[in-house]
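# A closer look at the structure
These are the residues of each chain, in order.
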Amino acid sequence: MCNTHVLSVSSAKAPFEKKTIERRELRPDDILIDIKYSGICHSDIHSAHDEWGGGIFPMVPGHEIAGVVAAVGSEVTKFVVGDRVGVGCFVDSCGECEYCLSGEEQFCMKGVVSTYNALDYDGQPTYGGYSQKIVVTERFVVRIPDVLSMDVASPLLCAGITTYSPLKHWNASPGKKVAILGMGGLGHLAIQYAHALGAEVTVLSRSMNKKNEAMEFGADHYFATSDPNTFNELAGRFDLILNTVSANLDVDAYLSLLRIDGTLVNVGAPGKPDQYNVFSLIMGRRSIAGSLVGGIRETQEMLDFSAQHGIVPKIEVIRADQVDEAYERVLQSDVRYRFVIDISTL
Ligand code: NAP
Ligand code: ZN
């Protein structure tokens, strides 16, 4: 066992407190990681505020983890002490079902074990990355390429893979018109991936405020959704809309922006159900879909792709005592574009 300082909330919407917890004894295939940086995902806020229900408290959020291997179990083969590594949204899966075998552990039939706010297969609660140390089975650890510094690498472990994976799956590529809806932590990375994959990229944000940065990230066009003309001008335009918005939207209005056979893919995950009119689908043979993070193999591919294409998040590094304030600022959309906790301040 090893003790580690963490930031934890005792109940929904409670402020963060510094506590000490124990991480498990290393199993043969486990890795002990000294965490250097931990990104703040909007999912951390949905969870710590128990907006999705079923929250397990006390809770230590954090699934955008970048750190250094501090110790390895006796049967670990992929990593040695000192390696720069990342851990994302999941820390275990059965490893045997068809989805695990095809590298889509997020859809494990036994139930993938989330990095925090979950019970592992021994029934123990999992605690995430707002922490100095974490123990993870090597199967769920990925390698951070040398050219990526630790602070910017951390948000890639969730925001990066959550946008890269659906853009690949729904074939964002040359000739395709792709809209990125919402320009926050996920959205600003989605623009960069869609551009690098060769698609024609349009950003749909509430205001014109982020236009200059959107163009720097690789957008070809930018529209404000607060302007009703936007919906007339863009009707029937897109092959793919990637919705990264954390709140409920007028789904029909966005479906009207799809071409025939176009797809609206949701990664944004508001706590309350959305509504839409089936005719919005029927009249254009359109689809609504969703996507969950990505598998481990694809997470490594995304990191290597990011390194190769110079794709990094724009971050604001904060101290451990600033997390409550950072949550408030994310809720006000006052973040450009990801908060990252410097774990040395914990
Ligand atoms: P974020 O940084 O807060 O970005 C969300 C963006 O949505 C904001 O920047 C804003 O963009 C837009 N937005 C916020 N409130 C809105 C409202 N009321 N109406 C319209 N637009 C609004 O959050 P994030 O970390 O990128 O996460 C986004 C969502 O993805 C969250 O719901 C999170 O839980 C979910 N998520 C899902 C997965 C998955 O696997 N599916 C993984 C990670 C995260 P503009 O200012 O440009 O309008
Ligand atoms: Zn996340």
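The structure under discussion appears in the preceding block.
What you see is a predicted model; the values in this text were computed from it and never measured.

## Side note on the pairing of strand β4 (residues 65–72)
The pairing of strand β3 (residues 30–39) with β4 spans seven bridges and is antiparallel. Residue D34 lies in a different strand from β4, and its bridge partner there is V68.

## What about the coordination of the zinc ion (ligand 2)?
Around the zinc ion (ligand 2), the protein supplies C41 (SG), H63 (NE2) and C158 (SG) as donor atoms, at distances of 2.0 to 2.2 Å. Here the donor residues for the zinc ion (ligand 2) map to a single chain with the spacing C-x21-H-x94-C. With C41 in the loop between β3 and α1 (42–48) and C158 in the loop between α3 (150–153) and α4 (159–169), the pair connects residues that are 117 residues apart, well separated along the chain. On the basis of relative accessible area, C158 is assigned to the buried category, the value being 5%.

## Describing the sheet that holds strand β10 (residues 177–181)
Neighbouring strands of a sheet are bound in pairs by backbone hydrogen bonds; such pairs are parallel or else antiparallel. If you walk across this open sheet you meet the six strands as β12-β11-β10-β13-β14-β15, and the pairing is parallel. The two strands at the open ends of the sheet, each matched to only one other strand, are β12 (221–224) and β15 (287–290). The average angle at which neighbouring strand axes cross in this sheet is 20°, direction not considered. Two elements, strand β14 (residues 258–266) and β15, share four bridges in a ladder whose sense is parallel.

## A word on the site of ligand 1
Close to ligand 1 lie 29 residues, the nearest being H42, S43, S205, K210 and R338. In this structure, an oxygen atom belonging to ligand 1 sits 2.8 Å away from a side-chain N or O atom of H46. Mapped onto the shell around ligand 1, the elements with two or more residues apiece are α1 and α5 (185–196). Here the shell around ligand 1 takes three residues from α1, the largest share from any one element.

## Some thoughts on the side chain of D342
Relative to the helices and strands, D342 is located in strand β17 (residues 338–342). One buried charged residue, D342, forms no salt bridge at all, with the nearest opposite charge on K36 at 8.5 Å. Those residues in contact with D342 that lie beyond four places of it in its chain are K36, Y37, V317 and I318.

## Considering the pairing of β17
Extensive coverage of β17 is indicated by the burial of five of its five residues. Regarding the hand of the β-α-β motif, the stretch spanning strand β16 (residues 315–318), helix α11 (residues 323–331) and β17 is right-handed.

## Some thoughts on the packing of aromatic side chains
Scanning the entire structure with this criterion turns up seven aromatic pairs. Between the aromatic rings of Y164 and F305, the centroid separation amounts to 5.3 Å while the plane-to-plane angle is 55°, which identifies the pairing as tilted. A residue pair is termed long-range when its members are at least 10 positions apart, and Y164 in helix α4 and F305 in helix α10 (residues 296–309) qualify at 141 residues. With respect to burial, Y164 and F305 carry one shared label: buried. Ring geometry for F231 versus Y254: centroids 5.3 Å apart, planes at 70°, classification edge-to-face. Placement of the pair is F231 in helix α7 (residues 229–233) and Y254 in helix α8 (residues 251–255), with a sequence separation of 23 residues. On the basis of relative accessible area, F231 is assigned to the buried category, the value being 19%. Taken together, the ring pairs in this structure connect F16, Y130 and Y327 into an aromatic cluster. In this structure, K110 packs its charged tip against the face of Y121, placed 3.9 Å from the ring centre.

## Brief notes about unusual backbone geometry
A cis amide bond links F57 with the next residue in sequence, P58, at an omega value of 0°. With respect to the helices and strands, P58 occurs in the loop between α1 and β4. Residue Y337 is bonded to the preceding R336 through a cis peptide linkage, with omega at -5°. With respect to the helices and strands, Y337 occurs in the loop between α11 and β17. Phi is positive for K13, which is not a glycine, with a value near 70°. Checked against the element boundaries, K13 lands in the loop between β1 (2–8) and β2 (17–23). Of note, N171 is a non-glycine position whose phi angle comes to about 65°, a positive value. Mapped onto the elements of the fold, N171 is located in the loop between α4 and β10.

## Topic: the side chain of T263
Looking at the element boundaries, T263 is found in strand β14. Taking the relative accessible area as the measure of exposure, T263 reaches 9% and is therefore buried. Contacts of T263, omitting those with residues within four sequence positions, involve W170, D239, L240, I241, L258, S287 and A289.

Rules used throughout
Residues numbered from 1 in each chain as written. Chains lettered and ligands numbered in written order. Predicted model: local features only at pLDDT ≥ 70, side-chain atom pairs only at ≥ 80, totals over all residues. Heavy atoms only, no water. Pairing = 2+ DSSP bridges. Helix = DSSP H or I, 4+ residues; strand = E, 2+ residues; numbered from the N terminus. Donors = N, O, S within 2.8 Å, 3.2 Å for Na, K, Ca; no water. Buried < 20%, exposed > 50% of the residue type's maximum accessible area, 1.4 Å probe, protein only. Axes fitted to C-alpha atoms, helices over the stretch in contact; angles between N-to-C directions. Near = heavy atom within 4 Å. Polar contact = N/O pair within 3.5 Å; in protein donor to acceptor, adjacent residues only side chain to side chain. Lys, Arg positive; Asp, Glu negative; His and termini not counted. Salt bridge = Lys/Arg side-chain N within 4 Å of Asp/Glu carboxyl O. Contact = heavy atoms within 4.5 Å. Right-handed = clockwise from strand over helix to strand, strands pointing away. Phe/Tyr/Trp six-rings, centres within 6.5 Å; stacked < 30°, edge-to-face > 60°. Lys NZ or Arg CZ within 6 Å of the ring centre and 35° of its normal.

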